[in-house]
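Summary of the model geometry
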Number of protein chains: 2
Amino acid sequence: MDELLLIPGPTPVPAPVREAGARPMTNHRSEAFARVLRNVLDGVAVLYGTRQAVLPYACSGTGVLEAAVVNTLSPGDEILALSCGAFGNRFARIAQAYGAEVTRVEVEWGQGIPPERLEAELRQKPYRAVLLTHNETSTGVQNDLQALAQARGDHPALLLVDAVSSLGAVPVEMDSLGLDVVVTASQKALGCPPGVGFLSASPRAWEAYQKARMPRYYWDMGLLAEALRAPLAQTPFTPAVSVFFSLEESLRLLQQEGLSAVYERHRRLSQATRAGVEALGLRPVADPRWASWTVTAVWAPEGVSVGALVGRLRAEHGVVVAGGQGKLEGRVFRIGHLGYVYPEDVLRCLEALGAVLADLGVRVDPRAGVEAAARVFGARAVTA
Amino acid sequence: MDELLLIPGPTPVPAPVREAGARPMTNHRSEAFARVLRNVLDGVAVLYGTRQAVLPYACSGTGVLEAAVVNTLSPGDEILALSCGAFGNRFARIAQAYGAEVTRVEVEWGQGIPPERLEAELRQKPYRAVLLTHNETSTGVQNDLQALAQARGDHPALLLVDAVSSLGAVPVEMDSLGLDVVVTASQKALGCPPGVGFLSASPRAWEAYQKARMPRYYWDMGLLAEALRAPLAQTPFTPAVSVFFSLEESLRLLQQEGLSAVYERHRRLSQATRAGVEALGLRPVADPRWASWTVTAVWAPEGVSVGALVGRLRAEHGVVVAGGQGKLEGRVFRIGHLGYVYPEDVLRCLEALGAVLADLGVRVDPRAGVEAAARVFGARAVTA
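The shown structure was predicted, so the numbers you read here are calculated from the model rather than taken from an experiment. (Residues numbered from 1 in each chain as written. Chains lettered and ligands numbered in written order. Predicted model: local features only at pLDDT ≥ 70, side-chain atom pairs only at ≥ 80, totals over all residues. Heavy atoms only, no water.)

**Brief notes about helix α8 (residues 203–211) of chain A**
Residue and element names in this part refer to chain A. Ala205, Ala208 and Tyr209 are the residues of α8 that are buried. The arc enclosing the buried residues of α8, seen along the axis, measures out at 110 degrees, which places them on a common side. Within α8, the exposed residues directed more than 90 degrees away from the buried face are Pro203, Glu207, Gln210 and Lys211. Against the buried residues of α8 lie β8 (158–162), β9 (181–185), β10 (196–201) and α9 (221–229). (Buried < 20%, exposed > 50% of the residue type's maximum accessible area, 1.4 Å probe, protein only. Helix = DSSP H or I, 4+ residues; strand = E, 2+ residues; numbered from the N terminus. Arc of directions from axis to C-beta. Contact = heavy atoms within 4.5 Å.)

Shown next as structure tokens:
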């Protein structure tokens, strides 16, 4: 049985992207690899909506969260951490680990950050930075980046944005929103193996970098930018070469589909997934105002073990979804619908979910989910 | 023309290892991936010669150098950095970046660290740790790990060892030598794509970890060890999944060859390479006492540009060697002979080198190098 990977990252990697990653190893300090680097960084910059340099690290998403913090801040800095889930908490913990004075604004899990909350909080203290999770993977909440950026207004606090599970699936528009640092990673919307994290910094963030005193070496964005600007563009430390080969191919595929089509696909996958699980009598964790385009977290029905549900979806239907994280562990399951995920994948998932729920004794029409989702996708998808 | 990659990392990745890396993406928190993790970490532990846990990070070699420092030390700690080249200097700079008080012992590039030098230095100050580069990739110097470990003796300083370009090609024997932290990476002797770094720590290093106050989050070895010990073994942050697939296959190949055969192959490759370049009238950078088994750095002959030499080797013969690093840039070239490199590769390299030197007007018998190397390999290799 073909495994259908629907966790919120790593996401499915299409065969041509995997095959590109299997090309013979090459010298990472060569004209040929400099071209790969350039293609990838230029392509990712388009997804960022930035004219600033995009800097690649060999790391996972958490690595670039750390890079965002240590490149712009100093121990003792007053930081505002906006948290609506496990990843918001992680961002805050990283800043604390490096000695920042962190004030956490937490909202109920399932809710997003109300922009007025940010506005009010910024009036309280001369914060140096705001930590924001664009898309909170643990709850399936997608914050309103534009409204939050506006709420920051002309306050001097830097806006550091975790866009790990959004960028490439949801518009980010770093420059026009005035975001100061935006980070993401290869294994989410970009549909590549994990191993490369990206960071881009605004001119204001580069100014902050000059004064930032948190210790750094591996994450030093100045070293990276300098090496990339050299006559032979390169990274200061060995990059994850095979992931770059994959990224180059994946960006080609995304450009082929067209960025607005990619965004629209994710928006519809999200709508269909929510419609489907609701038709099966289940309740998404996220308030519909903040429903994520890339992941839907769903409360397990009364009396049904998340472990059994997730295990049977995988064992009997080959559908791999994720359990809960942090305080939602054992209470929710999560369907990732980002990267190379298509309507037929969501339909297969909902069909399997209906069948497993019925098998587990939940009183439900097992076809209700797939039918509701198909209606969202429209006639084309149903007959596909 | 087939490209022959003979830089000191990334090293050639054999087709089955690349193909393993191209397997469909999978859930990194699953029984199936836990088995991959376990196989890889157990296999690498054998190469380490340790019964301690081997911890994997998504990063390159420099990342695990940083991990070695921040997990065991505190700002203000007196550290002794033994440096015989660019990577020794890097290790020292990382410790400085995190606020250690670093005393550098530097030897002439091309020399190794004399054990008596370490012994004498340890009598000067109550050092908390010694930073040591086992194999200095910039000069092709391989330090005598056993003698240096003995020179440390019962001094309480931790011995932190950069084994990035040695482990898997040269015996390390972490436990029996009493090394405290040993780090390495996937793209050197392990013959995999870059993206995974490894760290293992002695019980003494784990004690130091409890008191170490350098800030850390991504590199926190306690988080890693805890997640790996969980009922479902995993990493706290997303691992470089495709590199793990490759590592599993590569370790299988290395086990098939047999560890002592692997070491012996590297020792002979090194001898043959040195004999070959010397027969071509060239001088290796490393004093023969410290000739590295994995990389040979060679002074460019008078009047020959390293750029031209390296460029023509690649363009005309498909042989990719590296230029110099740090203060040796433009003065030396480096032949990597680690990982999946065999006698025929070294012979092809020396044949090409002889031809290019002759073309560049150097008075030399262009076959002298390949013939000298063949004599080292013995009749079997010559007729192969």
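Now, onward.
**Brief notes about the confidence of the model for chain A**
Per-residue confidence for chain A gives a mean pLDDT of 97, with 98% of residues at or over 70. Ranking the elements of chain A by mean pLDDT puts helix α15 (residues 379–383) of chain A last with 48 and β10(A) first with 99. (pLDDT = per-residue confidence, 0-100.)

**Observations concerning the sheet that holds strand β14 (residues 332–336) of chain A**
Residue and element names in this part refer to chain A. Spatially, three strands are ordered β11-β14-β13 in an open sheet, and the strand pairing comes out antiparallel. The sheet terminates laterally at β11 (295–299) and β13 (322–323), the two strands that pair on one side only. As paired elements, β11 and β14 share five bridges and run antiparallel to each other. By the bridge assignment, threonine 296 is partnered in β14 with isoleucine 335. Against the sheet, helix α12 (residues 306–317) touches β13 and β14, its axis set at about 30 degrees to β14. (Pairing = 2+ DSSP bridges. Axes fitted to C-alpha atoms, helices over the stretch in contact; angles between N-to-C directions.)

**Some remarks on the side chain of A:Glu249**
Residue and element names in this part refer to chain A. For glutamate 249, the location among the structural elements is in helix α10 (residues 241–257). On the basis of relative accessible area, glutamate 249 is assigned to the buried category, the value being 17%. Ignoring any residue separated from it by four or fewer positions in sequence, one finds glutamate 249 in contact with Pro16, Val17 and Ala20.

**Comments concerning the relation of the copies chain B and chain A**
For the pair chain B and chain A, the relating rotation is 180 degrees, the translation along its axis is 0.0 Å, and the fit reaches an RMSD of 0.0 Å. Taken together, the turn and the small shift mark the pair as related by a two-fold rotation axis. Every residue of chain B has its C-alpha some distance from the rotation axis, and the shortest such distance is that of B:Cys59, at 2.4 Å. Mapped onto chain A, 100% of the interface residues of chain B are again interface residues, and the two copies thus contact each other with one and the same surface. (Least-squares fit on C-alpha atoms with pLDDT ≥ 70 in both.)

**What about the pairing of β8(A)?**
Residue and element names in this part refer to chain A. For β8, the tally of buried residues reaches five of five residues, placing the bulk of the element in the interior. Burial along β8 is two-sided: the residues Leu158, Leu160 and Asp162 and Leu159 and Val161 are all buried. With five bridges joining them, strand β5 (residues 129–133) and β8 adopt parallel strand pairing. In the strand pairing of β8, valine 130 is matched with leucine 159.

**Quick notes on the interface of chain B and chain A**
For an interface, size is often stated in terms of accessible area lost upon the parts coming together. Contacts between the two partners involve 43 residues from chain B, matched on the other side by 43 residues from chain A. There are six residue pairs in polar contact (both at pLDDT 80 or more) connecting chain B and chain A. Put simply, the parts of the chain that give the side of chain B that touches chain A at least two residues each are α3 (61–70), α4 (86–97) and α10 (241–257) of chain B. The leading source of residues in the side of chain B that touches chain A is α4(B), at four residues. Residues that form the side of chain B that touches chain A fall into these classes: 24 nonpolar, twelve polar and seven charged. (Polar contact = N/O pair within 3.5 Å; in protein donor to acceptor, adjacent residues only side chain to side chain. Nonpolar A, V, L, I, M, F, W, Y, C, P; charged D, E, K, R; others polar.)

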